[in-house]
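Okay, here's what each chain looks like letter by letter:
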Amino acid sequence: DGGITQSPKYLFRKEGQNVTLSCEQNLNHDAMYWYRQDPGQGLRLIYYSQIVNDFQKGDIAEGYSVSREKKESFPLTVTSAQKNPTAFYLCASSIGGHLNTEAFFGQGTRLTVV
Amino acid sequence: QQQVKQSPQSLIVQKGGISIINCAYENTAFDYFPWYQQFPGKGPALLIAIRPDVSEKKEGRFTISFNKSAKQFSLHIMDSQPGDSATYFCAARQANAGNMLTFGGGTRLMVKP
């Protein structure tokens, strides 16, 4: 069945480590997004990509990196430069364009620094 | 800079009552306003959405009211049920900026039986 798959569901990182969160979609969507969710702050955009091999910074891109080598995949790397990485990370995708298109979300990855 | 302001942060409603969540925005370039529902540990799911050329949209027990001149929109949940207990996010989309969504801070709704 179609959808967005994020893995792992839970991830623990030691101080100074880089970690990569996976996001795969089989919806044939052009656009993909990464959001960070903290309690009481809603969702904040980290990076987004409208097309393969192209991506733009969102509101809180510092300490994160992404790649978009395939249409289906948009992995997010949380680098050691991100000082407060503990959060719930959500990946989303949409058809793109100027239609009233729904953004579909994955089930999220909860990252904890230990 | 919070472009979409949502209130209240939390809401308790009795079963059968009306839940009302409000959002206000500043950016007139927003062209699409969805509401998302999120259960604990899950990703948000689209509930209902509206375009600014429509003042109201109703789907079942859920209604969006939109006031373009005031730059405000609200979600009304009629006959609220315990199963509606979740966190609700309003959002606004800017089509000329990669269709990215800007979210409000969320409202945690609890419907008491």
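Residues numbered from 1 in each chain as written. Chains lettered and ligands numbered in written order. Predicted model: local features only at pLDDT ≥ 70, side-chain atom pairs only at ≥ 80, totals over all residues. Heavy atoms only, no water.

Draft legend 1. Region of interest: the packing of aromatic side chains. This structure, assessed with the given rule, holds 19 aromatic pairs over all chains. Seen in terms of ring centroids, Tyr47 of chain A and Phe55 of chain A are 5.9 Å apart; in terms of plane orientation they differ by 80°. Their pairing is edge-to-face. Under the relative-accessibility criterion, Tyr47 of chain A is labelled buried at 7%. Considering the side-chain rings of Tyr25 of chain B and Phe66 of chain B, the 6.1 Å spacing of their centres and the 25° angle between planes classify their relative orientation as stacked. Within this pair, whereas Tyr25 of chain B is found in strand β3 (residues 19-25), its partner Phe66 of chain B is found in strand β7 (residues 62-67), the two being separated by 41 residues in sequence. Of the residues examined, Tyr25 of chain B reaches a relative accessible area of 6% and is grouped as buried. Put simply, the rings of Tyr33, Tyr35, Tyr48 and Phe105 of chain A together with Tyr36, Phe89 and Phe103 of chain B pair up and form one aromatic cluster. A cation over a ring is seen here: Arg68 of chain A above Phe74 of chain A, with NZ or CZ 6.0 Å from the ring centre. (Phe/Tyr/Trp six-rings, centres within 6.5 Å; stacked < 30°, edge-to-face > 60°. Buried < 20%, exposed > 50% of the residue type's maximum accessible area, 1.4 Å probe, protein only. Helix = DSSP H or I, 4+ residues; strand = E, 2+ residues; numbered from the N terminus. Lys NZ or Arg CZ within 6 Å of the ring centre and 35° of its normal.)

Draft legend 2. Molecular detail of the environment of Glu102 of chain A. Residue and element names in this part refer to chain A. Assignment of secondary structure puts Glu102 in the loop between β9 (87-94) and β10 (104-105). Residue class for Glu102 comes out partly exposed when judged on its relative accessible area of 28%. Placed 77 residues apart in sequence, Glu102 and Gln25 show a C-alpha to C-alpha distance of 14 Å.

Draft legend 3. Seen up close, the interface of chain B and chain A. Counting residues at the interface gives 21 residues for chain B and 23 residues for chain A. Both faces combined, the contact of chain B with chain A buries some 1,800 Å², and carbon together with sulfur accounts for 50% of it. When the area that chain B buries against chain A is broken down by residue, the three leading residues are Asn99, Met100 and Phe103 of chain B, summing to 23%. Counting across the chain B and chain A interface gives zero salt bridges. Run the count over chain B and chain A and you get four residue pairs in polar contact (both at pLDDT 80 or more). Mapped by element, the contributors of at least two residues to the side of chain B that touches chain A are β4 (33-38), β9 (86-93) and β10 (101-103) of chain B. (Contact = heavy atoms within 4.5 Å. Buried area = accessible area lost by both parts, 1.4 Å probe. Salt bridge = Lys/Arg side-chain N within 4 Å of Asp/Glu carboxyl O. Polar contact = N/O pair within 3.5 Å; in protein donor to acceptor, adjacent residues only side chain to side chain.)

Draft legend 4. Spotlight on the sheet that holds strand β8 (residues 76-78) of chain A. All names here are of chain A. Ordered in space as β1-β3-β8-β7, the four strands form an open sheet in which the pairing is antiparallel. Either end of the sheet is taken by a strand with one partner, and the two such strands are β1 (4-7) and β7 (64-66). Ignoring which end each strand starts from, the neighbouring axes of this sheet average 20° apart. Where β7 and β8 come together, three bridges link them in antiparallel fashion. Residue pairing across strands places Val66 opposite Leu76, the latter belonging to β8. (Pairing = 2+ DSSP bridges. Axes fitted to C-alpha atoms, helices over the stretch in contact; angles between N-to-C directions.)

Draft legend 5. The side chain of Asp31 of chain B, seen in detail. Residue and element names in this part refer to chain B. You can see Asp31 is positioned in the loop between β3 and β4. Taking the relative accessible area as the measure of exposure, Asp31 reaches 16% and is therefore buried. Beyond its immediate chain neighbours, meaning those up to four positions away, Asp31 contacts Arg51, Pro52, Arg93, Gln94 and Ala95.

Draft legend 6. Highlighting a nonpolar patch on the surface. On the surface, Tyr10, Phe12 and Val114 of chain A cluster together into a nonpolar patch covering about 360 Å² of accessible area. In this structure, Tyr10 of chain A sits in strand β2 (residues 10-13). (Patch = residues over 30% accessible without salt bridge, like charges linked within 9 Å, V, L, I, M, F, W, Y side chains within 5 Å. Areas by Shrake-Rupley, 256 points an atom, 1.4 Å probe, with all protein chains shown as cover.)

Draft legend 7. Region of the structure containing the pattern of salt bridges. Enumeration according to the criterion identifies six salt bridges over all chains in this entry. A salt bridge links Asp38 of chain A to Arg36 of chain A; the shortest N-O distance between them is 2.8 Å. Using a relative accessible area of 11% as the deciding quantity, one classes Asp38 of chain A as buried. The closest approach of N and O atoms between Arg93 of chain B and Asp31 of chain B, which form a salt bridge, is 3.4 Å. Of the two residues, Arg93 of chain B sits in strand β9 while Asp31 of chain B sits in the loop between β3 and β4, which places them 62 residues apart along the sequence. Of the two residues, Arg93 of chain B and Asp31 of chain B, neither departs from the other in class, the shared state being buried. Residues joined by salt bridges that share partners form a network here, namely Arg36, Asp38 and Arg44 of chain A.

Geometric descriptors of this kind do not, in isolation, establish any biological role.
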